[in-house]
Amino acid sequence: MANAPTTPGIVPARLDPETLAANFADLEPPFGAHEAVVAADRCYFCHDAPCITACPTEIDIPLFIRQIQTGQPEAAARTILDQNILGGMCARVCPTETLCEEACVREFAEGKPVEIGRLQRYATDTLMARGVHPFTRAAPTGKRIAVVGAGPAGLACAHRLAMRGHDVVLMDARDRIGGLNEYGIAAYKTPDDFAQAEIDWLMKIGGIAARTGVRLGETVTLEALRAEYDAVFLGIGLAGVNALGVEGEARDGVRDAVDFIAELRQSDDLARLPVGRHVVVIGGGMTAVDAAVQSKLLGAETVTMVYRRGRDRMSASGHELDHAATAGVRIITNAQPVAVHGNGAAQEVEFSYTRDGGEGLESTGETFRLRADQVFKAIGQSLDTAPRGVSVAKGKIAVAGAGRTDLPGVWAGGDCTAGGEDLTVTAVAQGRDAAEDIHKTLIG
Ligand SMILES: Cc1cc2nc3c(=O)[nH]c(=O)nc-3n(C[C@H](O)[C@H](O)[C@H](O)COP(=O)(O)OP(=O)(O)OC[C@H]3O[C@@H](n4cnc5c(N)ncnc54)[C@H](O)[C@@H]3O)c2cc1C
Ligand code: SF4
């Protein structure tokens, strides 16, 4: 092994390859057939099931669980995929503890919900393992639709449009399609290149032509797409990253957490990925948790996540924060960065404690420093630039109804829109609903 957790600086190979492989293995092992039936047996198959209402894609959860219980996992998968074509990914990444499983009556009664996420994974994995694509296309409509952005919103929209018989051109600025499924989600939630496998499976519907390296605003304009296609869907996510705005932010070793995570997801040899000895992550959301946990799994000696408000205001769920703490991440709340100190490269981050004052967050005046040779900024993403002509509300594309922008013929969904919740499942729901609205508008 070339290095150790205590090697100074930002270096690769802090852990041996076997430890790295074990650290980045599946976070939760999948159910076997017997375990799945036992887990399904716990469901009460509630009438007016609260778990359905809590699911942004409104999957008929009791129905798919009943199908698993009666030995029909492929029928269960069909029930899931009817509503959520990325049901396999959502089974891995949804914060179920704040969605369906939080609403489950068994959680309410016993503090232990039916394991809906793991059951969903069992069903969708069973179907995908057979290489079966359960949907077919309707008769061709002769309509062509441009879907810009191939993340969960764009993929869900493209698939539903293709099913309805339209021809879809799916464009993305990056080299690979998938959006944050491919470049963002923590590696241990989606090992074995599942994001790509799911896309290959989804594309079996036919009628979707994928074009990578196409950037709206540079390679193509919205005006040109509106002229060429019958409708346009924008699912461009949030490509901009917020800055800290503190002294020393430009020092070596300070970078955006999303870039580090993307590099990690695209790495085919984690032993070659450099990480700091002392890592500080600034932020309180899922991106901050993922950067912190994965730094620790790569072998950083100390990793500290610092958030400016209280734990209750963090956007990462309690489950995610507990996972970070279990992985060895230290979490400090009510502190905000003041400066990054160092000599060329970062060596320390200075923070000031905060409290809620009459006019918002204020510094208490007391400061402290943390050693840091690597600093990740994870204080939120923003819309890079809104395509010309569409209105923006609160920094995101303004939409009404099922994703209609105020430009005729242009829809939008997912993180880039004002209604987005920055969750994979919400982006899928919005892409799907926009596709149905586009279909109704074009075909009547
Ligand atoms: C680090 C991280 C971890 C996360 N973990 C989770 C999780 O565990 N669970 C969960 O539910 N959610 C998670 N999320 C949130 C989730 O990934 C997003 O809510 C979801 O991906 C949004 O989907 P989207 O399709 O709207 O956008 P994206 O997934 O961001 O996709 C947008 C696509 O548009 C492309 N694009 C952008 N601009 C242009 C342009 N001008 N021209 C052409 N293409 C363009 C991008 O390249 C990208 O492929 C995480 C987010 C991050 C950042
Ligand atoms: S709320 Fe829980 S018990 Fe009731 S149907 Fe949903 S998963 Fe089953």
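On a predicted model such as this, the values are computed, not experimentally measured, just so you know.

Chemist: I'd love a proper account of the overall build of the protein, names of residues and values included.
Modeler: Within the protein one finds 17 helices and 19 strands. Over its C-alpha trace the protein gives a radius of gyration of 23 Å, about what one expects of a compact globule, namely 22 Å for 444 residues. Expressed along its principal axes, the backbone C-alpha trace of the protein runs to roughly 65 × 55 × 50 Å. Relative to its full complement of 444 residues, the protein shows a buried share of 52%. Put simply, of all contacts in the protein between residues at least 6 apart along the chain, 69% involve residues at least 24 apart. Carbon and sulfur atoms provide 48% of the accessible area of the protein, an area that totals close to 18900 Å². A gap of 2 Å separates the mean positions of the 43 positive and 58 negative side-chain charges of the protein.

Chemist: Describe the site of ligand 1, naming the residues involved and giving the relevant values.
Modeler: For ligand 1, the set of nearby residues contains 34 residues, the closest of which are Val93, Asp172, Lys189, Leu216 and Asp415. Here Lys189 contributes a side-chain N or O atom positioned 2.7 Å from an oxygen atom of ligand 1. The contact in question runs from a nitrogen atom of ligand 1 to an N or O atom on the backbone of Leu216, over 2.8 Å. For ligand 1, the accessible surface in isolation is 1000 Å², of which the surrounding protein chains cover 94%. With three residues, helix H15 (residues 286–298) is the largest single contributor of residues to the shell around ligand 1. Here the residues of the shell around ligand 1 sort into 17 nonpolar, ten polar and seven charged.

Chemist: Report on the packing of helix H5 (residues 73–83) against helix H9 (residues 116–129), specifying residues and quantitative values.
Modeler: With their axes 8 Å apart at the nearest point, H5 and H9 run at an angle of 105° to one another. Classified by the angle between their axes, H5 and H9 sit roughly perpendicular to one another. In this structure, H5 contributes Pro73, Glu74, Ala76, Ala77, Ile80 and Leu81 to the contact, and H9 contributes Gln120, Tyr122, Ala123, Thr124, Thr126 and Leu127. The class makeup of the residues in the contact of H5 with H9 is eight nonpolar, three polar and one charged.

Chemist: Break down the nonpolar core for me, with residues and values.
Modeler: Of all hydrophobic cores here, the largest spans 67 residues; its most connected members are Ile61, Phe64, Ile65, Ile68, Leu119 and Val147. Tallying contributions element by element places helix H10 (residues 152–163) first for this core, with eight residues. The next biggest cluster of nonpolar side chains, apart from the first, holds 34 residues, and it includes Leu270, Val281, Ala292 and Leu297.

Chemist: If you had to explain the pairing of strand S3 (residues 167–172) to someone new, which residues and values would you point to?
Modeler: Within S3, five of the six residues are buried, which leaves the element mostly enclosed by the surrounding structure. One ladder, built from five bridges, connects strand S2 (residues 144–148) with S3; its direction is parallel. Paired with Val147 across the bridge in S3 is Leu170. Regarding the hand of the β-α-β motif, the stretch spanning S2, H10 and S3 is right-handed. Pairing between S3 and strand S4 (residues 208–212): five bridges, direction parallel. Its bridge partner lying in S4, Leu170 is registered against Ala210.

Chemist: An account of unusual backbone geometry is requested, with residue identities and associated values reported.
Modeler: The residue Phe45 is not glycine, and still its phi comes out positive at about 50°. Note on placement: Phe45 falls in the loop between helix H2 (33–40) and helix H3 (50–54). Despite not being glycine, Asn334 has its phi angle at roughly 55°, a positive value.

Chemist: Account for the pattern of salt bridges, with residues named and values stated.
Modeler: Enumeration over the complete set of coordinates arrives at 30 salt bridges. The residue Arg215 makes a salt bridge to Glu218 at a minimum N-O spacing of 3.9 Å. Here Arg215 falls in the partly exposed class, since its relative accessible area comes to 36%. Note that Glu223 and Arg388 form a salt bridge whose closest N and O atoms lie 3.6 Å from each other.

Chemist: Could you give an account of the sheet that holds strand S15 (residues 374–377), with specific residues and numbers?
Modeler: Spatial ordering of the open sheet is given by S7-S15-S9-S10-S11, a layout of five strands whose pairing is parallel. Each edge of the sheet is formed by a strand with only one pairing partner; in this case those strands are strand S7 (254–256) and strand S11 (330–332). Strand after strand, the sheet turns through a mean of 20° between neighbouring axes, direction not considered. With three bridges connecting them, strand S10 (residues 302–306) and S11 associate as parallel partners. Bridge pairing in S11 places Thr304 opposite Arg330. Along the sheet, helix H14 (residues 257–266) makes contact with S7 and S15, crossing S7 at roughly 75°.

Chemist: Outline the packing of aromatic side chains, supporting the account with residue identities and numerical values.
Modeler: Here the structure, examined in full by the defined rule, presents three aromatic pairs. On the numbers, 4.3 Å between centres and 25° between planes, the contact of Phe260 with Phe376 is stacked. Of this pair, Phe260 sits in helix H14 while Phe376 sits in strand S15, and the two are 116 residues apart along the sequence. Of the residues examined, Phe376 reaches a relative accessible area of 0% and is grouped as buried. Judged by centre distance (4.8 Å) and plane angle (35°), the ring pair of Tyr353 and Phe368 falls under tilted. Of this pair, Tyr353 sits in strand S13 (residues 345–357) while Phe368 sits in strand S14 (residues 360–371), and the two are 15 residues apart along the sequence. Overall, Tyr353 belongs to the partly exposed group, its relative accessible area being 30%. Aromatic rings pair up to connect Phe351, Tyr353 and Phe368 into one cluster. In this structure, Arg174 packs its charged tip against the face of Tyr183, placed 3.9 Å from the ring centre.

Chemist: Mind laying out the sheet that holds S2, listing which residues take part and the relevant values?
Modeler: Across the sheet, five strands lie side by side as S4-S3-S2-S5-S19; this open sheet has parallel pairing. The strands lining the two open edges of the sheet, one partner per strand, are S4 and strand S19 (410–412). Ignoring which end each strand starts from, the neighbouring axes of this sheet average 20° apart. As judged from the four bridges shared by S2 and strand S5 (residues 231–234), these two strands associate in the parallel manner. Bridge pairing links Val147 to Phe233 in S5.

Cut-offs applied
- Residues numbered from 1 in each chain as written.
- Chains lettered and ligands numbered in written order.
- Predicted model: local features only at pLDDT ≥ 70, side-chain atom pairs only at ≥ 80, totals over all residues.
- Heavy atoms only, no water.
- Helix = DSSP H or I, 4+ residues; strand = E, 2+ residues; numbered from the N terminus.
- Rg over C-alpha atoms; globule rule 2.2 N^0.38 Å.
- Buried < 20%, exposed > 50% of the residue type's maximum accessible area, 1.4 Å probe, protein only.
- Contact = heavy atoms within 4.5 Å.
- Areas by Shrake-Rupley, 256 points an atom, 1.4 Å probe, with all protein chains shown as cover.
- Lys, Arg positive; Asp, Glu negative; His and termini not counted.
- Charge placed at Lys NZ, Arg CZ, Asp CG, Glu CD.
- Near = heavy atom within 4 Å.
- Polar contact = N/O pair within 3.5 Å; in protein donor to acceptor, adjacent residues only side chain to side chain.
- Nonpolar A, V, L, I, M, F, W, Y, C, P; charged D, E, K, R; others polar.
- Axes fitted to C-alpha atoms, helices over the stretch in contact; angles between N-to-C directions.
- Parallel < 35°, antiparallel > 145°, perpendicular 65-115°, else oblique.
- Core = buried A, V, L, I, M, F, W, Y, C linked by side-chain atoms within 4.5 Å.
- Pairing = 2+ DSSP bridges.
- Right-handed = clockwise from strand over helix to strand, strands pointing away.
- Salt bridge = Lys/Arg side-chain N within 4 Å of Asp/Glu carboxyl O.
- Phe/Tyr/Trp six-rings, centres within 6.5 Å; stacked < 30°, edge-to-face > 60°.
- Lys NZ or Arg CZ within 6 Å of the ring centre and 35° of its normal.

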